[in-house]
Amino acid sequence: MTTARRPRVLLTRRWPEAVERALAERFELTPNLEDKPLSAAQIAAALLEYDAVCPTVTDKVDAAALAPNQPRARILGNFGVGYSHIDVERAKAIGLVVTNTPDVLSDCTADLAMTLMLMVARRAGEGERELREGRWTGWRPTHLIGTKVTGATLGIIGFGRIGQEMAARAHFGFGMPILVYNRSPVDPAILAKTGARQVASIEELLRSSDVVSLHFPGGAANRHLINAERIAMMRPGAFLINTARGEVVDEEALAAALKAGRIGGAGLDVYSAEPQVIPALLDAPNAVLLPHLGSATSATREAMGFRVMDNLVAFFDGKEPPDRVA
Ligand code: DGY
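No experiment lies behind these values; they were computed from the predicted model shown.

**A word on helix H2 (residues 40-49)**
And then number 1: Within H2 the residues assigned to the buried category are Ile 43, Ala 44, Ala 46 and Leu 47. Around the axis of H2, the buried residues are gathered within 160° of arc, so they sit on the same side.
And then number 2: Of the surrounding elements, those touching the buried residues of H2 are strand E1 (8-11), strand E3 (52-54) and strand E4 (75-77).

Written as structure tokens, this is what we have:
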């Protein structure tokens, strides 16, 4: 008796153990045991060898990686909600379906944006460095004075699932009035949940907020949406929080504004050339810099992996994958 061959699936990085185990039961699975990112040539070769390739944000799935005109692969199951690292048009042109993992990381990403907001406003990074380096001389009324977050106005750019979770945390936890800029009109019922007000332009939001948090996708269309001119519109002493994608901020312009004390600080989890961070940001004491930890909890990383699996199972069962983006 012959059994049908199981689809061959490649994971480009190590995934949570429980997910790798479940995938191996259902598919002919190749995990990346070394956990090193693949080159474009390796991804291109994988497309000729596997039925599904499952990348992450550390894979540049650009035109070079998508070079094969007739790949064996039929689906890219991205481990992550953001997919600006994938050339979606080229993927479509060579017949690849692309899926992502929405919803399951909204809570943890919003939690991390809150972490950054509190850390930068309360100078927690500076304080920790001072203590660990043995420079703390004790309590005094003028030591490491930060900014009160409770009651300050939070401006959110991009009001999707993560932006909405951020609004809920800030509004109900810290009494923050919420302003929203979103390309399309937001359902008034959604705004009403956090008493949020949608403004007509990014400029209006920047001028009216004490903290600005970015929650819109990366990619060419949004590259440097937050540029020098817009950073100059922020209130003196305001904070910029980015848990979205590095490329949406002009990092050199941000570093210059931080150095000049034009804004109060920045809390960043993402960078345009990860894992490299530009020296000017590393030198800025009023920047809190985290290494892309937005979704990094065991519950969320497992949920992301199982969400990819749901998409692969649906696809290879001949159904529409639930999180198809292309
Ligand atoms: C996401 O899901 O977009 C995270 O930033 C990891 O890629």
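**A short note on the site of the ligand**
And then number 1: The environment of the ligand is made up of Val 57, Gly 80, Val 81, Gly 82, Leu 105, Arg 245, His 292 and Met 304.
And then number 2: In this structure, an oxygen atom belonging to the ligand sits 2.8 Å away from a side-chain N or O atom of Arg 245.
And then number 3: His 292 places a side-chain nitrogen or oxygen 2.7 Å from an oxygen atom of the ligand.
And then number 4: When isolated, the ligand has an accessible area of 230 Å², and the protein chains bury 88% of it.
And then number 5: Its residues assigned to classes, the shell around the ligand shows 4 nonpolar, 3 polar and 1 charged.

**Structural notes on the domain arrangement of the protein**
For an interface, size is often stated in terms of accessible area lost upon the parts coming together.
And then number 1: Taken domain by domain, the protein consists of domain 1 (8-104 + 298-316) and domain 2 (106-289).
And then number 2: Centre-to-centre, using C-alpha coordinates, domain 1 lies 31 Å away from domain 2.
And then number 3: The partner domain 2 presents 7 residues to the 7 residues of domain 1 that form the contact.
And then number 4: Around 580 Å² of area is buried between domain 1 and domain 2 when both sides are counted, 45% of it from carbon and sulfur atoms.
And then number 5: Looking at the side of domain 1 facing domain 2, the largest losses of area belong to Val 57, Ser 84 and Asp 103, adding up to 60% of the total buried there.
And then number 6: Our count for the domain 1 to domain 2 interface comes out at 1 salt bridge.
And then number 7: Of the charged contacts in the structure, one is a salt bridge between Arg 161 and Asp 103, with a shortest N-O distance of 3.2 Å.
And then number 8: Where domain 1 touches domain 2, the interface holds 3 residue pairs in polar contact (both at pLDDT 80 or more).
And then number 9: Per-class residue counts for the side of domain 1 that touches domain 2 are 3 nonpolar, 3 polar and 1 charged.

**Things to note about the pairing of strand E9 (residues 211-214)**
And then number 1: Neither face of E9 is left uncovered, since the one carrying Val 211 and Ser 213 and the one carrying Val 212 and Leu 214 both have all their residues buried.
And then number 2: Of the pairings in the sheet, the one linking strand E6 (residues 154-157) to E9 comprises 4 bridges and is parallel in character. In the sheet register, Leu 154 faces E9, and the bridge partner there is Val 211.

Conventions and cut-offs
Residues numbered from 1 in each chain as written. Predicted model: local features only at pLDDT ≥ 70, side-chain atom pairs only at ≥ 80, totals over all residues. Heavy atoms only, no water. Buried < 20%, exposed > 50% of the residue type's maximum accessible area, 1.4 Å probe, protein only. Helix = DSSP H or I, 4+ residues; strand = E, 2+ residues; numbered from the N terminus. Arc of directions from axis to C-beta. Contact = heavy atoms within 4.5 Å. Near = heavy atom within 4 Å. Polar contact = N/O pair within 3.5 Å; in protein donor to acceptor, adjacent residues only side chain to side chain. Areas by Shrake-Rupley, 256 points an atom, 1.4 Å probe, with all protein chains shown as cover. Nonpolar A, V, L, I, M, F, W, Y, C, P; charged D, E, K, R; others polar. Domains from an automatic or database assignment. Buried area = accessible area lost by both parts, 1.4 Å probe. Salt bridge = Lys/Arg side-chain N within 4 Å of Asp/Glu carboxyl O. Pairing = 2+ DSSP bridges.

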